[in-house]
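# Summary of structural features
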Amino acid sequence: MNKVTSVTEAQKIKPVPTLPDAQTVTEVKHYTDRLFSFRCTRPASLRFRSGEFVMIGLMGDNDKPLLRAYSIASPSWDEELEFYSIKVADGPLTSKLQHIKAGDEIILRPKPVGTLVHDALLPGKRLWFFATGTGFAPFASLLRDPQTYEDYDEIIITHTCREVGELTYGRDLIDSIKTDELLHELMGAHFHEKLKYYPTTTREESPKMGRITDLMRSGEAFTDLGVTTLNPDTDRAMICGNLAFNLELKEMLEEYGLEEGANSDPKHYVVEKAFLD
Ligand code: A2P
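Now for the packing of aromatic side chains. Evaluation of the coordinates by the stated rule reveals twelve aromatic pairs. Pairing tyrosine 84 with tyrosine 169 gives two aromatic rings, centres 4.0 Å apart and planes at 15°, and the pair type is stacked. Taken together, the residues tyrosine 84 in strand 5 (residues 80-86) and tyrosine 169 in helix 5 (residues 168-178) connect sequence positions 85 residues apart. With relative accessibility at 3%, the residue tyrosine 84 sits in the buried group.

What follows covers the domain arrangement of the chain. Parsing the chain into structural domains produces domain 1 (21-113) and domain 2 (118-271). Between domain 1 and domain 2, the C-alpha centre-to-centre distance is 23 Å. Counting residues at the interface gives 19 residues for domain 1 and 20 residues for domain 2. Of the roughly 1700 Å² buried where domain 1 meets domain 2, counting both sides, 56% is carbon and sulfur surface. Ranking the residues of domain 1 by area buried against domain 2 places Ser50, Trp77 and Tyr84 at the top, with a combined share of 34%. Where glutamate 166 meets arginine 34, a salt bridge forms, and the shortest distance between an N and an O atom there is 2.9 Å. Between the two partners, domain 1 and domain 2, sit ten residue pairs in polar contact (both at pLDDT 80 or more). Looking at the side of domain 1 that touches domain 2, the elements that each hand over two or more residues are strand 2 (35-41) and strand 5. For the side of domain 1 that touches domain 2, the element with the most residues is strand 5, which contributes four residues. Class assignment for the residues of the side of domain 1 that touches domain 2 results in nine nonpolar, seven polar and three charged.

Moving on, we get to the nonpolar core. One finds Phe129, Phe136, Phe139, Leu143 and Ile157 to be the most contacted residues of the largest nonpolar core, which totals 34 residues. Each of domain 1 (21-113) and domain 2 (118-271) accounts for three or more of the residues forming this core. Residues contacting leucine 143, with those up to four places away along its chain left out, are Phe129, Phe136, Tyr149, Ile155, Ile157, Leu173, Ile174, Ile177, Leu183 and Leu195. In terms of nonpolar packing, the next biggest core, distinct from the first, is built from 21 residues, Val227, Leu249, Met252 and Leu258 among them.

About the cut-offs
- Residues numbered from 1 in each chain as written.
- Predicted model: local features only at pLDDT ≥ 70, side-chain atom pairs only at ≥ 80, totals over all residues.
- Heavy atoms only, no water.
- Phe/Tyr/Trp six-rings, centres within 6.5 Å; stacked < 30°, edge-to-face > 60°.
- Helix = DSSP H or I, 4+ residues; strand = E, 2+ residues; numbered from the N terminus.
- Buried < 20%, exposed > 50% of the residue type's maximum accessible area, 1.4 Å probe, protein only.
- Domains from an automatic or database assignment.
- Contact = heavy atoms within 4.5 Å.
- Buried area = accessible area lost by both parts, 1.4 Å probe.
- Salt bridge = Lys/Arg side-chain N within 4 Å of Asp/Glu carboxyl O.
- Polar contact = N/O pair within 3.5 Å; in protein donor to acceptor, adjacent residues only side chain to side chain.
- Nonpolar A, V, L, I, M, F, W, Y, C, P; charged D, E, K, R; others polar.
- Core = buried A, V, L, I, M, F, W, Y, C linked by side-chain atoms within 4.5 Å.

Below you can see the structure in the form of structure tokens.
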């Protein structure tokens, strides 16, 4: 009797995948009416570099998969995968994806790609992660990667969102890093002192308001952080946000003398669009 019950329970938690490339959702968290994150099982064959993205989605109408690029937010050593997503009421995918629950299936093509990887940057001393909105996702992976702390003396993450609630995912992640067992074990008790977090909002009052681009231009961001401006000899940067932000920041970094790198040609900074519906 007991045995039968336990088999049924196990099946409930891990249903046999039925879709092609199906993975099972294990946890969903909603942050605001515009943002949520979820975790799912990881294909045994999937190897990825922190900062890369994969195509994920659901079966759409006409039995055709509806897929979008999503940065993997979990670190490469995690048994599961984590994603951070926007909810768009009339978005073809996210209007449906926002309703997923633990036990549901999603489609995941196990072919990771992307430019926000350590390999695309030349060695440096200070690493900047610049994010807006869900552009924080690839950095959630990179911030949990021991290589980030191994390769750099200082890591600065800036996150600009419209509202305070949109900072919660990033803030929780930064808090959790301080007590991350693996990073403690590998990097020593003080590794998190290398990390500086600079959250800002643009449409709701918070301790630091303004677009990061404006705060850098005025010098306020550097004063607040107690750091010097960017310099191609020491600074490396990764950018992930909305298109206008990416373009504006890219131009600013070029003015500081930084050059854009790629997997095949590592340089000073790399850019990736936060993929929206
Ligand atoms: P703002 O509220 O002034 O538009 P979104 O949710 O639309 O993707 O925006 C996320 C955040 O990115 C918002 O705080 C937004 O500020 C900011 N943002 C938009 N465009 C730029 C830009 N060109 N430079 C810097 N920040 C930007």
